[in-house]
Amino acid sequence: MPRQPSEQVRTPPSAVARETPAPAGPALRPHPSPTTRTDGTDGTAHPTRTTDTTSTTDITSTARPARTPLTPYHRLFAVPGARAFTLGNLLARLPSGMFSVSAVIMIAGSRGSYALAGAVTAAGLAATALVAPWTARLVDRHGQARIAVPATAFALLGSLALLLCVRLGAPDWTLFAAYAATATTPNTGGMSRARWAHLFRDDPDAVHTANSFEQAADELCFMLGPVCAAFLCTALFPEAGTLAAGVLLMTGVLVFAAQRSTEPPPQRHPRSASPVLSPGMPPLLLGFLATGAVFGSMEVVTIAFADAHGHRGAAGAVLALQAAGSCAAGLLYGTLKPAGPAERRHRIGLAAMTLTMSLPLLAASLTGSLAVLAGALLLAGTATAPTMVTGMALVQRRTPEGRLNEGMTLAVTGLLGGIACGSALGGWVVERFSSTAGYAVPIAAAATALILSLLISGRFQRI
């Protein structure tokens, strides 16, 4: 029969000890209580020490230890909402590698001019370099969801306008205007990194793992985006790549923005100046510009090399191997605990990039084999992701509080500008000399980034 509330139950002391929550630390070990025993010789009661019925096992058995994550990445995605915003971000990030390829195929197929297609995409890149930092500044001030959704919708209208202008045979200048409107596309990779930095603001190791994952995601989208765009445009119809990219972009941003619990709070009135003026940022951004030239020149030169050897269709797969090597290295790097100052690790990474970028030149000049070149590019990519992860960590550290999205977007803008310059320079070397000689451009660009990193403090520093 259950006890009534009016009953007074007298609880023995040992039961109280069992029900009382045990304090943490050494107090978990119970203190033995004195009891009495009767000596068998004189019958006198003597105090003795015996083990209390409440054992350590009894107290601690109810406290289950927390499950240790299998890898650092399990720890990231154990955060509520992390998987959802990552899924949305990946959907929104994949089109970044689709729009330009789709535009080139669509414009060149309709107008019969690759020069016009290249000029239109270059103009869009220049517009992005100007507009993207302002969009990121609005994101910092008013919040990701409030700015990213309308900015994406406006950019999507620009893509649809480009599609209609090409389809209806509008004047060439309309193509430039329409594609320039896509410059409002928010930097979804930067917004995702900002969320990780907010969620793990007191855990630099977790932020390192998150940055490594984001870099691997960048490489994955770089591999899959152009392939998906080329397949859709050729297998279906020329506008299919642009339409599919637009749907993915809008869907991904909506899913990403809906995860409000992980969104960093807006800084409506930041007291700090622009990240460009922060100490150490200008040479770092110039380093990103030089690093972008590595990627841009490598892409153009590899396409030219494959074309010169009668395998132009295999150029995409060969370049994907470089991204695969970088993706794998980035994921592995995220499981390691960074050692030493980030500035030193960044310089080491740039030095490794300079050395590994010589592998494609050696493969092209000594063997002339596309298969050997593919292996060299796979190895060359392994130095990319760790260097980029450390570079982004430096950007986050040097960006003033409340301007994180703007700071990372400036770094991405530097990369995009470098890609454009590297593409132009690589193409010029290929036409003036040869595709093999073009592989010297990535080496020179990586060496330039290394020198800029060494000169950050105004003088050479020891590595």
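Residues numbered from 1 in each chain as written. Predicted model: local features only at pLDDT ≥ 70, side-chain atom pairs only at ≥ 80, totals over all residues. Heavy atoms only, no water.

## Section: the overall build of the protein
So, step 1. Across its full length, the protein carries 19 helices and two strands.
So, step 2. The burial tally for the protein puts 45% of its 463 residues in the buried class.
So, step 3. Considering only intrachain contacts with a sequence separation of at least 6, the fraction spanning at least 24 residues in the protein is 82%.
So, step 4. Counting only carbon and sulfur atoms, one obtains 65% of the accessible surface of the protein, whose full area is about 23100 Å². (Helix = DSSP H or I, 4+ residues; strand = E, 2+ residues; numbered from the N terminus. Buried < 20%, exposed > 50% of the residue type's maximum accessible area, 1.4 Å probe, protein only. Contact = heavy atoms within 4.5 Å. Areas by Shrake-Rupley, 256 points an atom, 1.4 Å probe, with all protein chains shown as cover.)

## Some words on the packing of aromatic side chains
So, step 1. Tallied over the full model, the rule gives eight aromatic pairs.
So, step 2. With a centroid separation of 5.2 Å and 80° between ring planes, the pair formed by F77 and F213 is classed as edge-to-face. Linking F77 in helix α3 (residues 72-77) with F213 in helix α10 (residues 204-235), this pair joins segments that are 136 residues apart in sequence.
So, step 3. Measuring from ring centre to ring centre gives 6.2 Å for W428 and F433, while their planes differ by 80°; the resulting arrangement is edge-to-face.
So, step 4. Joined through ring pairs, the aromatic side chains of Y73, F77, F85, W196, F200, F213 and F256 make up one cluster.
So, step 5. Here the basic side chain of R137 rests over the ring of W134, its NZ or CZ set 4.7 Å away from the ring centre.
So, step 6. For R195, the ring lying beneath its charged end belongs to F256, and the centroid distance is 4.1 Å. (Phe/Tyr/Trp six-rings, centres within 6.5 Å; stacked < 30°, edge-to-face > 60°. Lys NZ or Arg CZ within 6 Å of the ring centre and 35° of its normal.)

## Notes on the pattern of salt bridges
So, step 1. Here the structure, examined in full by the defined rule, presents nine salt bridges.
So, step 2. Here R93 and E214 are joined by a salt bridge, their closest N and O atoms 2.3 Å apart. Linking R93 in helix α4 (residues 82-93) with E214 in helix α10, this pair joins segments that are 121 residues apart in sequence.
So, step 3. Between R397 and E343 there is a salt bridge, with the nearest N and O atoms lying 3.7 Å from each other. (Salt bridge = Lys/Arg side-chain N within 4 Å of Asp/Glu carboxyl O.)

## Considering the nonpolar core
Side chains that are nonpolar tend, in soluble globular proteins, to be buried together.
So, step 1. Grouped together as the largest cluster of nonpolar side chains are 42 residues, with contacts concentrated most on L76, I107, L162, L175, W196 and F200.
So, step 2. With seven residues, α10 is the largest single contributor of residues to this core.
So, step 3. Once you skip the residues sitting within four places of it in the chain, F200 turns out to touch R75, L76, V79, A206 and V207.
So, step 4. Judged by nonpolar contacts, the second largest core, of 27 residues, contains V294, V301, A306 and A446. (Core = buried A, V, L, I, M, F, W, Y, C linked by side-chain atoms within 4.5 Å.)

## Details of helix α9 (residues 188-199)
So, step 1. The first and last C-alpha atoms of α9 sit 17 Å apart over twelve residues, in line with the 16 Å expected at 1.5 Å per residue.
So, step 2. Burial runs high along α9: ten of the twelve residues are buried.
So, step 3. Residues of α9 that are buried: T188, G189, G190, M191, S192, R193, A194, R195, W196 and A197. (Expected span 1.5 Å × (residues − 1).)

## Some points on the layout of surface pockets
So, step 1. Reported here for the second largest pocket is a volume of approximately 720 Å³.
So, step 2. Considering the residues around the second largest pocket, the lining is formed by 32 residues, among which A197, H198, R201, Q396 and L404 are closest to the centre.
So, step 3. Only α6 (114-142), α9, α10, α14 (342-356), α17 (384-398) and α18 (404-432) provide two or more residues apiece to the lining of the second largest pocket.
So, step 4. The element best represented in the lining of the second largest pocket is α10, accounting for five residues.
So, step 5. In the lining of the second largest pocket, the residues fall into 14 nonpolar, ten polar and eight charged. (1 Å grid on protein atoms, 1.4 Å probe; cavity = no way out; pocket = protein on both sides within 12 Å on 5 of 7 lines; lining within 4 Å. Points joined across faces, edges and corners; volume = space filled by probe spheres on them. Nonpolar A, V, L, I, M, F, W, Y, C, P; charged D, E, K, R; others polar.)

## Quick notes on the environment of T390
So, step 1. The topology assignment puts T390 in helix α17.
So, step 2. Residues T390 and P338, spaced 52 residues apart in sequence, show a C-alpha to C-alpha distance of 9.3 Å.
So, step 3. For T390, the residues in contact, after removing those within four places along its chain, are Y333, A342, R345 and H346.

## A short note on the side chain of E406
So, step 1. Along the polypeptide, E406 turns up in helix α18.
So, step 2. Under the relative-accessibility criterion, E406 is labelled buried at 2%.
So, step 3. At a separation of 2.7 Å, a polar atom in the side chain of E406 contacts the side chain of R137.
So, step 4. When neighbours within four sequence positions are excluded, E406 is seen to be in contact with P133, A136, R137, D140, S274 and P275. (Polar contact = N/O pair within 3.5 Å; in protein donor to acceptor, adjacent residues only side chain to side chain.)

## Some thoughts on a nonpolar patch on the surface
So, step 1. Residues L157, L160, L236, F237 and L243 make up a contiguous nonpolar surface patch of roughly 460 Å² in combined accessible area.
So, step 2. Counting through the fold element by element, L236 comes out in the loop between α10 and α11 (240-258).
So, step 3. Judged by relative accessible area, L236 falls into the exposed class, the value being 55%. (Patch = residues over 30% accessible without salt bridge, like charges linked within 9 Å, V, L, I, M, F, W, Y side chains within 5 Å.)

## Re the packing of α14 against helix α19 (residues 440-454)
So, step 1. The geometry of α14 relative to α19 is characterised by a closest axis approach of 8 Å and an angle of 160° between their N-to-C directions. One way to sum up the angle between α14 and α19 is to call them roughly antiparallel. Here the hand of the crossing between α14 and α19 comes out left-handed. Contacts from H346, R347, L350, A351, M353 and T354 in α14 reach I443, A446, A447, A449, L450, S453 and L454 in α19. (Axes fitted to C-alpha atoms, helices over the stretch in contact; angles between N-to-C directions. Parallel < 35°, antiparallel > 145°, perpendicular 65-115°, else oblique. Left-handed = near helix turned anticlockwise from the far one by under 90°.)

## Quick look at empty space enclosed by the protein
So, step 1. All chains considered together, the criterion is met by two cavities of 30 Å³ or more.
So, step 2. Along its surface, the largest cavity is lined by 13 residues, and L284, G287, F288, T291 and H346 are the ones closest to its centre.
So, step 3. Elements supplying a minimum of two residues to the lining of the largest cavity: α12 (281-308), α14, α17 and α19.
So, step 4. Considering every element that reaches the lining of the largest cavity, the biggest residue donor is α12, with five residues.
So, step 5. Partitioned by chemical class, the residues of the lining of the largest cavity number eight nonpolar, five polar and no charged.
So, step 6. Quantified by volume, the second largest cavity comes out at close to 40 Å³.
So, step 7. Around the second largest cavity, the lining residues are A136, V139, P186, N187, M191, N405 and T409.
So, step 8. Of all the secondary structure elements, the ones that give two or more residues to the lining of the second largest cavity are α6 and α18.

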